[in-house]
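Listed below are the residues making up each chain.
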Protein chains: 2
Amino acid sequence: MDSVMDSVVVPASQQALGIRQVSEETGLSIDTLRWYERVGLLPLVERASDGRRRYPPDALRFIRLVQALRRTGMPVADVRQFIELGGGELANHPERMALLERQCAQIEERMVELRDDLAVVQAKIETYRDLIARGLDCEDDLPDDMVEQLQADELLAGTLPAVPRRQR
Amino acid sequence: MDSVMDSVVVPASQQALGIRQVSEETGLSIDTLRWYERVGLLPLVERASDGRRRYPPDALRFIRLVQALRRTGMPVADVRQFIELGGGELANHPERMALLERQCAQIEERMVELRDDLAVVQAKIETYRDLIARGLDCEDDLPDDMVEQLQADELLAGTLPAVPRRQR
DNA sequence: GGTTGCGCTGGAGTGCACTCCAGCTCCTAG
DNA sequence: CTAGGAGCTGGAGTGCACTCCAGCGCAACC
């Protein structure tokens, strides 16, 4: 009985979703979902009899791929191109694959860049840690030339305040 | 003699750079460098007597920090805020450090996201590899239901072409 | 001494990716 | 039967981060 209910009447959670659910599920705004569809990023959205969007579960998986491409820096226009390759059936698979492989390469570059940039920021944090340690230790008895030294440090660390220096 | 020339007359490569050199060095366009300065991202640019920009080597290091922040997703407005904290001297160091630490956390999140998205794209590539292997193997003797099977695969893999299916 | 090249300025323009809106339809609850 | 809520459409608007441009100044070279 249960099984009849579950599998025949309502195939449960596998049913098409409304736009609101998809929005919550994916983190894309409702407006963005509609816009993606308009510009051709989401070809497989169906409609209920009253005109409302129904997203089959497949669409959800598809959206996640689109999100992955977008988040990793592929412009909307390129994503659309990738999707348009769907019309030509089998023949286009190698082309689509090549496109994805190019994207993978870019993601990897991006990761390297990100690692480097992280290192830069962390290095900068270290210099602050130093400056604070040395600066706050003796906060009240800094001789003038120590202050100058700190400024020089900061300068060397690449963070000059917009203050004239070297004069006076 | 050589050493006198090098160290006294021209401290060599350590001298201030023109905007063109900085542009080439950093990859930022000349326009962008000027614009960054206008909006307050580059406080330490000096001018030659004829009004042209001279970038001390410190500026170069500073620009690299700015680039790291920008590339890792910090909005220009936030970078400016960070820089404006420079005016207040020592007292602001903890705040600046905190700002950078927040940014670090975000970078790490971004890296995780990137890794996940890469996995999604790679998974998709795998499905294409499969489809191609199976599809191209028997390109000419595909029975109709095999074609259907491939389309279903593609659907499952999340890449439905904008073609009516299931009907007929 | 003209002209060529590089740089300067303030302001306008561009491209991208959404985001918002007015006015409509449909459905449901009271 | 009406009021409210969710969704729909086409089109306009927004925010960000540059990018381009006209008109000018200076310096060097021919």
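Whatever comes next refers back to the structure up there.
Every value quoted in this text rests on a predicted model; they were computed, and no experiment measured them.

Would you mind going over the protein's contact with DNA strand D with me for this structure?
Around DNA strand D sit 17 residues in total, of which Arg-20, Arg-34, Arg-38, Arg-52 and Arg-53 of chain A are the nearest. The sugar-phosphate portion of DNA strand D accounts for 65% of its atoms within 4 Å of the protein, the bases making up the rest. With respect to DNA strand D, the side chain of Tyr-36 of chain B contributes an N or O atom lying 2.9 Å from a phosphate oxygen. With respect to DNA strand D, the backbone of Val-76 of chain B contributes an N or O atom lying 3.4 Å from a phosphate oxygen. Elements with a contribution of two residues or more to the surface near DNA strand D: helix H2 (19–26) and helix H3 (30–38) of chain A together with helix H3 (30–38) of chain B. When residues of the surface near DNA strand D are assigned to their parent elements, the largest contribution, four residues, is made by H3 of chain B. Looking at the surface near DNA strand D, its residues break down into five nonpolar, three polar and nine charged.

So what exactly am I meant to see when it comes to the nonpolar core here?
Buried together is how nonpolar side chains tend to be arranged in soluble globular proteins. Counting residues in hydrophobic clusters, the biggest one holds 77 residues, and the most contacted among them are Leu-42 of chain A together with Leu-42 of chain B. Those residues within four positions of Leu-42 of chain A in sequence are excluded, and the remaining contacts are Leu-33, Tyr-36, Glu-37, Phe-62, Ile-63 and Val-66 of chain A.

Would you mind going over the protein's contact with DNA strand C with me for this structure?
Surveying the vicinity of DNA strand C reveals 18 residues, the closest of which are Arg-20, Arg-34, Arg-38, Arg-52 and Arg-53 of chain B. Counted by atom, the contact set of DNA strand C within 4 Å of the protein is 66% sugar and phosphate. Residue Arg-20 of chain B places a side-chain N or O atom 2.7 Å away from a phosphate oxygen belonging to DNA strand C. For the surface near DNA strand C, the secondary-structure elements that each account for two or more residues are H3 of chain A together with helix H2 (19–26) and H3 of chain B. The greatest single-element share of the surface near DNA strand C, amounting to four residues, is contributed by H3 of chain A. Residues belonging to the surface near DNA strand C are distributed by class as follows: five nonpolar, three polar and 10 charged.

Rules and cut-offs
- Residues numbered from 1 in each chain as written.
- Chains lettered and ligands numbered in written order.
- Predicted model: local features only at pLDDT ≥ 70, side-chain atom pairs only at ≥ 80, totals over all residues.
- Heavy atoms only, no water.
- Near = heavy atom within 4 Å.
- Polar contact = N/O pair within 3.5 Å; in protein donor to acceptor, adjacent residues only side chain to side chain.
- Helix = DSSP H or I, 4+ residues; strand = E, 2+ residues; numbered from the N terminus.
- Nonpolar A, V, L, I, M, F, W, Y, C, P; charged D, E, K, R; others polar.
- Core = buried A, V, L, I, M, F, W, Y, C linked by side-chain atoms within 4.5 Å.
- Buried < 20%, exposed > 50% of the residue type's maximum accessible area, 1.4 Å probe, protein only.
- Contact = heavy atoms within 4.5 Å.

By themselves, these observations are geometric and do not establish any function.
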